[in-house]
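Take a look at the letters that make up each chain.
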Amino acid sequence: MTSTARRFRLAVLPGDGVGPEVTGAAVDVLAAALAGSGLELEPTYHPIGGAAIDQGMEPLPPATLKAASQADAVFLGAVGGPRWDSGPVRPEAGLLQLRRQLGAFANVRPVRVLAGLEELSPLRPERVRGADILFVRELTGGAYFGRPQGQAGAAPSRRAVDTTEYSEKEITRVLEVAFRMAGERSRRVTSVDKANVLATSRLWREVAVEVGRRHPEYQLEHCLVDSFALRLLLRPTDFDVVVTENLFGDILTDEAAALPGTLGMLPSASGGGEGPWLFEPVHGSAPDIAGRGIANPLGAILAVSMLLRLSLGRPDLAVAVEEAVAGAVRDRCLTPDLGGSASTSEVAERVAGRLAVRL
Ligand code: NAD
Ligand code: IPM
Ligand code: MN
């Protein structure tokens, strides 16, 4: 690198379980994508989740938050696992705080069925062929953050409460992100709610209608979450951009993983506020396969492609990563969740190798 290279500071938070495995793969692919680009990757590594708890720290140590806030982008593997499930603080609390502190209210989760991988879906190939949905999940509101929240009393009279609360401002801003993203696609937005039962959903729908009126050139459809959950599997190609609240978005995007056939393929990017964007695979720490070197790194690698687009403004490099992923898939360099026998590092090396050939 020459001394004129622009530095790109990436705060890397590997976390728990397969988190470090897929993060290592993603950083290697990012380095390969940036080779010869004039951008110098400067990764720094920080504990979060169970990894931080094990070192006697909080799940989001202040130094990790500081490094993340000051970085150009943040990359996170996964947090959580059975080891910490009964502890006084949960690893997941670290991730929730991080999203909130970064102001990452919009969580963008593309779900695509790559050409040639249709037969790996548990759904019929003709049903999933061409499926390409962009979920925009509200990420810093709703039941995840509403107060009061907690448990009280003693058995047999224990009670627990969660609070779902949304303000007009919270709904408006995430709807605006969805419309903006739909502008680069087919201009169709589906807003998912439970307006027949929940007050927060009725407000969600009212605001969605109002935001929709400001974008008359877009087609806005409203769908109740229960029937959406079914339509997603029966007719996935009906949808383009789907916007919904935090909890529904969490559940529906895991369900959408049935389209490609594995959670290991789905990337995610969260942002919209003052802080840098946060990139992660959608999946968790996968304790059932952690430590075996067989986690699918493609979700994390496709999150790198989102980073190249959203944080670096390099759609050309983002496309190069996507093409390298498609190439690895065509080569049948696949991890066991996709019916292959390749390891995490073999897949990452194949993708990085295909990127190197491009130079
Ligand atoms: P999970 O997403 O970790 O795993 C669900 C299933 O998908 C498992 O069978 C797993 O083996 C498989 N899977 C996940 N990622 C994969 C990959 N890259 N390659 C191949 N297979 C993969 O969900 P879970 O088991 O319900 O949760 C485990 C822990 O992860 C929990 O503590 C949960 O809170 C946490 N979690 C964290 C995040 C995050 O950090 N963003 C997301 C979801 C869950
Ligand atoms: C996700 C995860 C997180 C969420 C957990 C780990 C807090 O499931 O990113 O989808 O529920 O948002
Ligand atoms: Mn989830």
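Our structure's up above, just so we're on the same page.
Computed from a predicted model, the values in this text were never measured in an experiment.

A. Representation of the overall build of the protein chain in the model. Across its full length, the protein chain holds 12 helices and 12 strands. Scaling as 2.2 N^0.38, a compact globule of 359 residues should have a C-alpha radius of gyration of about 21 Å, and the protein chain matches this with 20 Å. With the C-alpha coordinates of the protein chain rotated into their principal frame, the extents come out at 55 × 50 × 40 Å. The buried share among the 359 residues of the protein chain stands at 50%. For the protein chain, contacts bridging at least 24 residues in sequence account for 76% of all contacts bridging at least 6. Taken as a whole, the protein chain presents about 15,600 Å² of accessible surface, with 52% of it coming from carbon and sulfur. Side-chain charges in the protein chain split into 38 positive and 43 negative, and the spacing between the mean points of these groups amounts to 2 Å.

B. Inspection of the site of ligand 2 at higher detail. In the vicinity of ligand 2, the contacting residues are E92, L96, R99, R109, R137, Y144 and D250. Contact between ligand 2 and R99: an oxygen atom at 2.6 Å from a side-chain N or O atom of the residue. At 2.8 Å, a side-chain N or O of R137 approaches an oxygen atom of ligand 2. When isolated, ligand 2 has an accessible area of 320 Å², and the protein chains bury 79% of it. Judged by the proximity of its atoms to the pocket grid, ligand 2 belongs to the second largest pocket. Among the elements that make up the shell around ligand 2, the one with the highest residue count is helix α4 (residues 91-101) (three residues).

C. Geometry of the sheet that holds strand β8 (residues 188-193). Pairing is mixed in the open sheet, where 10 strands are placed in the order β2-β1-β3-β12-β11-β4-β5-β10-β8-β9. Every other strand in the sheet has two partners, leaving β2 (39-45) and β9 (219-224) as the edge strands with one partner each. If you compare each strand with its neighbour and ignore which way they point, the axes differ by 25° on average. Pairing between strand β4 (residues 106-112) and strand β11 (residues 267-271): three bridges, direction antiparallel. Bridging across to β11, V108 finds its partner in A269. Packing of helix α6 (residues 168-183) onto the sheet brings it into contact with β4, β5 (132-138), β8, β9 and β10 (241-244), and relative to β5 it is tilted by some 160°. Against the sheet, helix α10 (residues 298-310) engages β1 (6-15), β3 (73-78), β4, β11 and β12 (278-281), with an angle of about 40° to β11.

D. Molecular detail of the site of ligand 1. Lining the immediate environment of ligand 1, one finds 20 residues, of which V79, E92, G284, A286 and D288 sit closest. One of the side-chain nitrogen or oxygen atoms of H283 is found 3.2 Å away from a nitrogen atom of ligand 1. Within the backbone of N296, a nitrogen or oxygen atom sits 2.8 Å from a nitrogen atom of ligand 1. Using a 2 Å cut-off from the grid points, one finds that ligand 1 occupies the second largest pocket.

E. Inspection of the pattern of salt bridges at higher detail. With the rule as written, the count across this model stands at 22 salt bridges. One salt bridge in this structure joins E221 and R231, with 3.0 Å as the shortest N-O distance. In this pair, E221 is assigned in strand β9 and R231 in helix α8 (residues 225-234), connecting sequence segments 10 residues apart. A residue is classified by how much of its surface remains accessible, and E221, at 26% relative accessible area, is partly exposed. R231 gets classed as partly exposed once you look at its relative accessible area, which sits at 25%. R314 serves as the salt-bridge partner of D316, at 2.8 Å between the closest nitrogen and oxygen.

F. Layout of α6. The first and last C-alpha atoms of α6 sit 22 Å apart over 16 residues, in line with the 22 Å expected at 1.5 Å per residue. Where α6 is concerned, the buried positions are E170, I171, V174, L175, V177, A178, F179, M181 and A182. The inward-facing, buried residues of α6 contact β4, β5, β8, α7 (199-213), β9 and β10.

Analysis parameters
- Residues numbered from 1 in each chain as written.
- Chains lettered and ligands numbered in written order.
- Predicted model: local features only at pLDDT ≥ 70, side-chain atom pairs only at ≥ 80, totals over all residues.
- Heavy atoms only, no water.
- Helix = DSSP H or I, 4+ residues; strand = E, 2+ residues; numbered from the N terminus.
- Rg over C-alpha atoms; globule rule 2.2 N^0.38 Å.
- Buried < 20%, exposed > 50% of the residue type's maximum accessible area, 1.4 Å probe, protein only.
- Contact = heavy atoms within 4.5 Å.
- Areas by Shrake-Rupley, 256 points an atom, 1.4 Å probe, with all protein chains shown as cover.
- Lys, Arg positive; Asp, Glu negative; His and termini not counted.
- Charge placed at Lys NZ, Arg CZ, Asp CG, Glu CD.
- Near = heavy atom within 4 Å.
- Polar contact = N/O pair within 3.5 Å; in protein donor to acceptor, adjacent residues only side chain to side chain.
- 1 Å grid on protein atoms, 1.4 Å probe; cavity = no way out; pocket = protein on both sides within 12 Å on 5 of 7 lines; lining within 4 Å.
- Sits in = over half its atoms within 2 Å of the grid points.
- Pairing = 2+ DSSP bridges.
- Axes fitted to C-alpha atoms, helices over the stretch in contact; angles between N-to-C directions.
- Salt bridge = Lys/Arg side-chain N within 4 Å of Asp/Glu carboxyl O.
- Expected span 1.5 Å × (residues − 1).

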